[in-house]
Amino acid sequence: MFGTKAQEKQYAQDWAQKTGNEVHMTTAELNDDTVDQVKGFDGVITQQTTSLGSPKVYEKLASFGIKQIGTRTAGYDMIDLDSAKANGLTITRVSIYSPRAIAEMGVTQAMYLLRRIGEFNQRMNEENDFSWSPSMASNEIYNLTVGLVGVGHIGGATAQIYKALGAKVLGYDVAYDPEMEPFLTYADLDTVLEKSDIVSLHTPLLKSTANIINADALKKMKKTAYLINVARGGLVDTQALISALKNHEIAGAGLDTLADETTFFAKKVDAADVPEDYKELAAMPNVVVTPHVAFFTSTSVRNMVQIALNDTATIVNGGHSRNALIY
Ligand code: NAD
């Protein structure tokens, strides 16, 4: 188990005990320098955003009798699929580990913004101002319309939460899912942008979704609306968002992802390495930023570890995993 994080260890140990398998953990990532450590093991899983290395890694794994590589993530762009295929390696990933985790973070950010908590905190902490200005009265969620861009696993879970809270939910998606009908009304993107008090993004980052929230889209939103992005930073044109916030074109934003996040999220960095756009956003009391932690719940971590290990055991024992990539 390469790339082991402290929070994963217990779940791997629990799985080993329950299934009677042995799991050897290392914090090292799988690459050309570390692949020889796999010799003598039956299966391999990893969790990393950096490349697994040259084609030699895959050749060596096959020569050690390894049949698979499991990534404990949904994304698999760090794996060279051509080399994996050439060496007969099955790739598994954990595409669904807890949609609720990400959905709940989006809703949490929206509620924080709706109730103006950042703005009250700034007034209290920086200005000793504990007064209630009339303009700071909040809205209650059941009076509001929430618009979802992308209604897949996470968008669907988000729709269910907002519906349960009494909000009217609109959803835009290129695919239609009849199972979502009880929770939302499908609409086109412009309608979602124009009618929603909260616009919450839940699509993957694709050519068709890159900068889907650009200056034009932000202008279509209500001046009183909040934008929530717990999907991928590249869905939003960050500079356009900063302008829209400065010009009061929208009321605020909740962001768990940023377009340039890989240089500093999930790390402790020097002050000089914190990007300017982040600093500008984080300084605004009507913006809340979290460092790509929407997924980061105990349930998600357990599922990522144990689903990847289960798939490994299945494939090593000659079975088929539904989490195997078809490629
Ligand atoms: P999913 O595949 O179940 O759903 C994605 C939905 O987007 C699908 O219904 C799809 O039809 C729709 N879609 C695709 N292209 C579209 C377009 N051009 N316009 C409108 N809709 C479009 O994926 P999911 O599990 O719900 O995850 C959604 C995204 O959330 C992931 O791709 C990932 O980027 C992000 N995510 C973020 C975190 C986090 O911690 N912040 C964790 C996991 C996933």
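Residues numbered from 1 in each chain as written. Predicted model: local features only at pLDDT ≥ 70, side-chain atom pairs only at ≥ 80, totals over all residues. Heavy atoms only, no water.

By the naming in an unreviewed UniProt entry, the protein goes by D-lactate dehydrogenase and is assigned to Limosilactobacillus secaliphilus. Recorded in UniProt under Sequence similarities (unreviewed entry), the annotation for the protein is "Belongs to the D-isomer specific 2-hydroxyacid dehydrogenase family." (UniProt positions renumbered as here; feature names shortened; annotations may be inferred.)

Visitor: For the UniProt feature "domain: D-isomer specific 2-hydroxyacid dehydrogenase catalytic" (unreviewed entry) in the protein, give the residues involved together with the corresponding values.
Guide: In the numbering adopted here, UniProt assigns the feature "domain: D-isomer specific 2-hydroxyacid dehydrogenase catalytic" (unreviewed entry) to residues 9–325. When the span residues 9–325 is considered, its composition is 36% helix and 11% strand, and the gap between its end C-alpha atoms is 26 Å. (Helix = DSSP H or I, 4+ residues; strand = E, 2+ residues; numbered from the N terminus.)

Visitor: Go over the site of the ligand, please, and point to the residues and values.
Guide: Lining the immediate surroundings of the ligand are 24 residues, of which His153, Ile154, Asp173, Val230 and Asp256 lie closest. Separating an oxygen atom of the ligand from a backbone N or O atom of Gly152 is a distance of 3.4 Å. When the free accessible area of the ligand is taken as 860 Å², the share hidden by the protein chains comes to 82%. Each residue belonging to the shell around the ligand can be placed in one class, and the counts come to 13 nonpolar, eight polar and three charged. (Near = heavy atom within 4 Å. Polar contact = N/O pair within 3.5 Å; in protein donor to acceptor, adjacent residues only side chain to side chain. Areas by Shrake-Rupley, 256 points an atom, 1.4 Å probe, with all protein chains shown as cover. Nonpolar A, V, L, I, M, F, W, Y, C, P; charged D, E, K, R; others polar.)

Visitor: Which residues make up unusual backbone geometry, and what are the values?
Guide: Of note, the phi angle at Asn211 is positive, near 55 degrees, even though the residue is not glycine. Structurally, Asn211 can be placed in the loop between strand 7 (198–201) and helix 8 (215–220). The partly exposed category is assigned to Asn211, whose relative accessible area is 36%. Even without being glycine, Ala266 reaches a positive phi, approximately 65 degrees. Within the secondary structure, Ala266 is located in the loop between strand 9 (252–255) and helix 10 (276–282). (Buried < 20%, exposed > 50% of the residue type's maximum accessible area, 1.4 Å probe, protein only.)

Visitor: Help me get a handle on the pairing of strand 9, residues and values and all.
Guide: In regular strands, side chains alternate between the two faces of the sheet. Neither face of strand 9 is exposed, since Gly252 and Gly254 on one face and Ala253 and Leu255 on the opposite face are all buried. Relative to strand 9, strand 8 (residues 226–229) runs parallel, the two sharing four bridges. In the strand pairing of strand 9, Ile228 is matched with Gly254. Note: strand 9 against strand 10 (residues 287–289), three bridges, orientation parallel. When the sheet's bridge partners are listed, Leu255 is paired in strand 10 with Val289. Taken together, strand 9, helix 10 and strand 10 form a β-α-β motif whose crossover is right-handed. (Pairing = 2+ DSSP bridges. Right-handed = clockwise from strand over helix to strand, strands pointing away.)

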